[in-house]
Amino acid sequence: MAALILFGGGGDLAMRMLLPSLYFLEHDGLLPEGLKIIGAARSEESADDYIAKVHEAVKARAEADKVWDEASWSRMKARLDYLAVDATSPESLKPLKDKVGDSEITSFLAVSPSLYARIVTAMKAAGLAEKNCRIVLEKPVGRDLKSFLEIDDAVAHAFSENQVFRIDHYLGKETVQNLIALRFGNTIFEPLWNNLSIDHVQITIGETVGVGDRWPYYDEYGALRDMLQNHMLQLLCLVAMEPPSDLDPDSVRNEKVKVLRSLRPVTVDEVERVTVRGQYVAGVSEGKPAKGYDEERGQPSDTETFVAVRADIDNWRWAGVPFFMRTGKRLPEKRTEIVIQFKPVPHSIFDRDDRGEVQANRMIIELQPEEDISLTVMNKRPGLDQRMQLQPIKMSLSWGVDGKSAAPPRRRIAYERLLLDAMAGDSTLFVRRDEAEQAWKWVDEVSEAWAESGLKPDDYVAGTWGPESADMLMARTGRDWNTTDV
Ligand SMILES: NC(=O)C1=CN([C@@H]2O[C@H](COP(=O)(O)OP(=O)(O)OC[C@H]3O[C@@H](n4cnc5c(N)ncnc54)[C@H](OP(=O)(O)O)[C@@H]3O)[C@@H](O)[C@H]2O)C=CC1
Ligand SMILES: O=C1O[C@H](COP(=O)(O)O)[C@@H](O)[C@H](O)[C@H]1O
């Protein structure tokens, strides 16, 4: 038998993401045979009441995706159980340990990170950190390098590193894995994947949502720690890393750590040139009036809801190629993309007039709202014009291009892949301790430089692409943010 324990099994993450993911895996026959799924939280409620809540949450999500069926639910229901526990108390965990016995146990901490250290200590005392056990930790682990190390030391005291699975759900997204396939499953891109051919890279994670009720958490973290320390740096690593020798978890993670170690520190002298902080003020988002962050919070705050950074990777491959990253709440679109901007042709044989200018090639790796990888190449406009006219065309490099699989498969929740991998003990798509450590180190330098220089967030109106200073960050280098998907 195997068991998946969801600590915080009644919370938002569990109900919106984890349990629907488990339903989809059940539906596709991918859950391990005999797996038990046990929700564990402090609320005193019966297993039947808990299962009724799970049913409601899962059904709503599965119906929206048009994959609800009663037979799959019956199978999932038979696996579900609930136990009221205070996970910080070894005594309280004993009945849970009795329930799961010596099966293969995966425990997912879907609780506040402030509880992680106490929970893992209690788990060890209760026998839930033995060799047959694994632990999955949600981000953010810590608020800076110091607090990360404090929590992680407690984790390391209870579990060995190969039992620890630090989630960054962006690594579970299909297109992120497709990027690995594209880079290392083809020979044609690798010779171009360096400073000889690439001018710069842009990574954008735009969200339309505001901070809303999450401000007690968010105000402590801001966009730098909530998004850049983890999701954005992970994307940067996958674009920039050297080819690993194989897909072994450590081979991949060794390469990612090397990239993080090569990130040029942001100094106080440079911070205003290479970073931007922003905070939304009242505006219009998705056609509706939207409050400013300060109004949501109820008082003025210096927390950034937008961050843009120019990162430089000091190694042979990437010398002179800036990586521009930006992310924010209340932007005009929910859009996540990586843009690989190639250099222009060294000399154009075509007229630079209205007959069509030669545009430099651009690869767009789109993660949201659609999942797609495309490459813009120049092409002759068909016709008998005496002088050749050019046009850019966009080639899709994603599924469906071979004509055999025109309908893309259902878009999976990133947690589906990650839950399966954690239960199977495959840590390739999880973050190793030294990766998180290096990422915090770099982010701490940015935040210390902000504090020392007194750099405060610039206002931006909700529903726009961040403060003007973010455009200036690019413009100063003669570049601009991608505004089109071609
Ligand atoms: N929600 C989201 O979209 C995302 C969340 N995360 C991370 O996921 C984690 C959970 O977030 P979220 O679901 O939003 O939080 P919630 O506050 O919605 O849920 C927290 C859960 O923890 C339980 N809990 C609290 N204390 C204990 C305890 N001592 N023992 C056992 N259970 C306890 C609560 O239930 P009870 O009160 O009954 O004990 C509740 O079920 C956090 O680390 C968050 O940063 C990360 C990315 C996105
Ligand atoms: O981890 C987080 O991610 C979400 C955005 O995730 P996405 O998969 O919807 O792009 C973000 O809203 C949240 O603030 C952050 O904690």
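Computed from a prediction, not measured in an experiment: that's the story for all the values here.

How each quantity is defined
Residues numbered from 1 in each chain as written. Chains lettered and ligands numbered in written order. Predicted model: local features only at pLDDT ≥ 70, side-chain atom pairs only at ≥ 80, totals over all residues. Heavy atoms only, no water. Phe/Tyr/Trp six-rings, centres within 6.5 Å; stacked < 30°, edge-to-face > 60°. Buried < 20%, exposed > 50% of the residue type's maximum accessible area, 1.4 Å probe, protein only. Lys NZ or Arg CZ within 6 Å of the ring centre and 35° of its normal. Near = heavy atom within 4 Å. Polar contact = N/O pair within 3.5 Å; in protein donor to acceptor, adjacent residues only side chain to side chain. Areas by Shrake-Rupley, 256 points an atom, 1.4 Å probe, with all protein chains shown as cover. Helix = DSSP H or I, 4+ residues; strand = E, 2+ residues; numbered from the N terminus. Axes fitted to C-alpha atoms, helices over the stretch in contact; angles between N-to-C directions. Parallel < 35°, antiparallel > 145°, perpendicular 65-115°, else oblique. Contact = heavy atoms within 4.5 Å. Pairing = 2+ DSSP bridges. Right-handed = clockwise from strand over helix to strand, strands pointing away. Expected span 1.5 Å × (residues − 1). UniProt positions renumbered as here; feature names shortened; annotations may be inferred.

A closer look at the packing of aromatic side chains
On inspection of all chains with the given rule, the structure shows twelve aromatic pairs. Ring plane angle 70 degrees and centroid distance 5.7 Å describe the contact between Tyr23 and Phe24, whose orientation is recorded as edge-to-face. Each member of the pair, Tyr23 as well as Phe24, carries the same accessibility label: buried. Ring pairing ties together the aromatic residues Tyr218, Tyr280, Tyr293, Phe306 and Tyr460, which thus form one cluster. Directly above the ring of Tyr170 sits Lys173, whose terminal nitrogen or CZ lies 4.6 Å from the centroid.

Section: the site of ligand 1
Around ligand 1 lies a shell of 20 residues, among which Asp12, Leu13, Arg16, Arg42 and Ser43 are the nearest. A distance of 2.6 Å separates an oxygen atom of ligand 1 from a polar atom in the side chain of Arg16. Expressed as a share of its isolated accessible area of 890 Å², the protein-covered part of ligand 1 is 76%. Residue contributions to the shell around ligand 1 peak at three residues, all from helix H1 (residues 12–27).

Remarks on the packing of helix H8 (residues 215–240) against helix H9 (residues 249–262)
The interhelical angle for the contact between H8 and H9, taken along N-to-C directions, is 105 degrees, at an axis separation of 9 Å. Put simply, H8 runs roughly perpendicular to H9. Across the interface between the two elements, Leu233, Gln234, Leu236, Cys237, Leu238 and Ala240 of H8 pack against Lys256, Val259 and Leu260 of H9.

With respect to the pairing of strand E2 (residues 35–41)
With respect to burial, E2 is a largely interior element, six of its seven residues being buried. Where strand E1 (residues 2–7) and E2 come together, six bridges link them in parallel fashion. When the bridges of E2 are listed, Leu6 appears paired with Gly39. You can see the chain leave E1, run along H1 and come back into E2, and the turn it takes is right-handed. Bridge count for E2 against strand E3 (residues 80–84) is five bridges, and the pairing is parallel. For Ala41, the partnering residue across the bridge sits in E3 and is Ala84.

Describing the environment of Thr428
Among the structural elements, Thr428 can be located in the loop between helix H12 (414–424) and helix H13 (433–453). Relative accessible area serves as the criterion here: at 12%, Thr428 is assigned to the buried category. When the C-alpha atoms of Thr428 and Phe165 are compared, they prove to be 9.5 Å apart, with 263 residues separating the residues in sequence. Discounting chain neighbours no more than four positions away, the residues touching Thr428 are Leu247, Pro249, Val252 and Arg253.

Digging into H9
Taking 1.5 Å per residue as the helical rise, H9 with its 14 residues ought to reach 20 Å, and the 20 Å between its terminal C-alpha atoms agrees with that figure. With ten of 14 residues buried, H9 lies mostly within the body of the structure. By the burial criterion, the buried members of H9 are Pro249, Ser251, Val252, Arg253, Glu255, Lys256, Val257, Val259, Leu260 and Ser262. Those residues of H9 that are buried are in contact with H8 and H13.

Details of the UniProt feature "domain: Glucose-6-phosphate dehydrogenase NAD-binding" (unreviewed entry) in the protein
The feature "domain: Glucose-6-phosphate dehydrogenase NAD-binding" (unreviewed entry), as given by UniProt, occupies residues 5–178 in the numbering adopted here. Between the first and last C-alpha atoms of residues 5–178 the distance is 30 Å; the span itself is 48% helix and 17% strand.

Looking at the sheet that holds E1
With respect to topology, six strands assemble into an open sheet ordered E3-E2-E1-E4-E5-E6, the strand pairing being parallel. The sheet is open, and its two borders are formed by E3 and strand E6 (164–166), each paired with just one other strand. On average, each strand axis in the sheet is tilted by 20 degrees relative to the strand beside it, whichever way the strands run. Two elements, E1 and strand E4 (residues 104–109), share six bridges in a ladder whose sense is parallel. When the sheet's bridge partners are listed, Ile5 is paired in E4 with Ser107. Those strands touched by helix H3 (residues 70–79) are E2 and E3, and its axis lies near 35 degrees from that of E3.

Examining the sheet that holds strand E17 (residues 458–461)
Pairing in this open sheet of nine strands is mixed, and the strands run E16-E15-E14-E13-E7-E12-E11-E8-E17 from one edge to the other. One side of each edge strand has no neighbouring strand; the edge strands of this open sheet are strand E16 (390–396) and E17. Here the average twist between neighbouring strands, direction ignored, is 20 degrees. Across five bridges, the pairing between strand E14 (residues 362–368) and strand E15 (residues 372–380) is antiparallel. The residue of E15 that forms the bridge with Ile364 is Ser374. Against the sheet, H8 contacts strand E7 (198–206), strand E11 (306–311), strand E12 (323–328), strand E13 (335–342) and E14, and its axis sits at roughly 145 degrees relative to E12.

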